[in-house]
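# Chain and residue survey
Here is how the chains run, residue by residue.
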Amino acid sequence: MMGTTHALAGAFLGAAIAVVAPEFAVIAVLAAVAGSVAPDLDIYRGHRRTLHYPVYGWVAAAPAVALAVLAPSAWTVGAATFLAAAAGHAAMDAFGGGLELRPWEAGSDRAVYSHYHDRWLAPRRAIPYDGSPRDLGLAGALAVLPATTLPDPVPAFVLAGLAVSATYVALRKRLATLWSTIARTLPEPVAPYVPERFYD
């Protein structure tokens with residue numbers, strides 16, 4: 001799924017927490033958005049494996065959430081929200097497309113790596129690929145709660161995220177060709193740092 005979809009999932013989680021515990025609204029939103037995008041820091045090295053934990057992520061998040069419920073504070077709520085959002089990111093990727101440059105071709109059997117199972121989980125393709133119209137639809141649905149319940153400047157950021165998402169969706173298939181072309185023209189010392197799928 002798109003990075004913006006993940007970010008909006010974090011905003012949705014933060015907004016949901018803010019509804020029931022408004023005193024933690026700021027930390028919940030910030031931590032949820034940070035946690036929802038953090039796993040993709042591995043995008044250029046071991047993407048969807050190095051920082052993605054579809055099982056162990058929940059093992060870490062569950063006690064943190066319990067602690068936040070029993071002893072709510074900015075620190076416990078922030079940690080719990082960050083970990084839950086990061087675990088949710090990996091779970092979302094399992095329901096998306098495969099890890100390939102052109103995932104609409106459905107040629108990859110790798111969605112996200114499960115360290116618990118010691119293998120790649122197959123893509124379920126509920127969202128066929130990042131940048132698909134269905135991905136944009138999910139982003140739009142996730143945007144409603146934070147855009148309508150959180151104060152400024154959150155709604156503006158949410159709308160900006162949707163605008164970026166819509167642009168990406170419109171250009172997604174052309175971008176795959178562009179990325180492949182650029183990857184093939186990069187100087188040799190740079191090549192090891194380019195994801196292998198960009199050469200497809």
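Located above this text is the structure these notes cover.
All values derive from a computational prediction rather than experimental measurement.

Here is what the cut-offs are and how they apply
Residues numbered from 1 in each chain as written. Predicted model: local features only at pLDDT ≥ 70, side-chain atom pairs only at ≥ 80, totals over all residues. Heavy atoms only, no water. Axes fitted to C-alpha atoms, helices over the stretch in contact; angles between N-to-C directions. Helix = DSSP H or I, 4+ residues; strand = E, 2+ residues; numbered from the N terminus. Parallel < 35°, antiparallel > 145°, perpendicular 65-115°, else oblique. Left-handed = near helix turned anticlockwise from the far one by under 90°. Contact = heavy atoms within 4.5 Å. Nonpolar A, V, L, I, M, F, W, Y, C, P; charged D, E, K, R; others polar. Expected span 1.5 Å × (residues − 1). Buried < 20%, exposed > 50% of the residue type's maximum accessible area, 1.4 Å probe, protein only. Salt bridge = Lys/Arg side-chain N within 4 Å of Asp/Glu carboxyl O. Phe/Tyr/Trp six-rings, centres within 6.5 Å; stacked < 30°, edge-to-face > 60°. Lys NZ or Arg CZ within 6 Å of the ring centre and 35° of its normal.

### Quick word on the packing of helix α1 (residues 3-20) against helix α4 (residues 74-94)
Axis separation between α1 and α4 bottoms out at 10 Å; the angle between their running directions is 140 degrees. Judged on the interaxial angle alone, α4 and α1 are oblique. Taken as a pair, α1 and α4 cross one another with a handedness that is right-handed. In contact with T5, H6, A9, L13 and I17 of α1, α4 contributes T81, A84, A85, H89, M92 and D93. Residues belonging to the contact of α1 with α4 are distributed by class as follows: 6 nonpolar, 4 polar and 1 charged.

### A word on helix α2 (residues 25-37)
If you check α2, its first and last C-alpha atoms are 18 Å apart, about what 13 residues at 1.5 Å a residue would give, namely 18 Å. Every buried residue of α2 is accounted for by A25, A28, V29, A31, A32, G35 and S36. Tucked inside the fold, the buried residues of α2 contact α1 and α4.

### Digging into the pattern of salt bridges
This model, assessed by the stated rule, comprises 2 salt bridges. Ionic pairing is found between D93 and R48, a salt bridge with its closest N-O pair at 3.9 Å. One end of the pair, D93, is in helix α4; the other, R48, is in the loop between α2 and α3 (56-70), with 45 residues separating them in the sequence. An identical accessibility class is assigned to D93 and R48; each is buried. Taking the shortest distance from any N to any O, the salt bridge between R172 and D130 comes out at 3.1 Å. Within this pair, whereas R172 is found in helix α6 (residues 154-185), its partner D130 is found in the loop between β2 (119-121) and α5 (133-149), the two being separated by 42 residues in sequence. Its relative accessible area of 3% is what places R172 among the buried residues. Judged by relative accessible area, D130 falls into the buried class, the value being 17%.

### Some thoughts on the packing of aromatic side chains
Tallying each qualifying case throughout the model produces 4 aromatic pairs. Their ring planes at 80 degrees and their centres at 5.5 Å tell us that Y113 and W120 sit as a pair that is edge-to-face. A relative accessible area of 5% means that Y113 is categorised as buried. With a centroid separation of 5.9 Å and 15 degrees between ring planes, the pair formed by W179 and F198 is classed as stacked. Of this pair, W179 sits in helix α6 while F198 sits in the segment after α6; the two residues are 19 residues apart in sequence, bridging distant segments of the chain. When its relative accessible area of 15% is taken as the criterion, F198 is described as buried. Over the face of the ring belonging to Y113 we find R49, whose NZ or CZ atom lies 3.9 Å from the ring centre.

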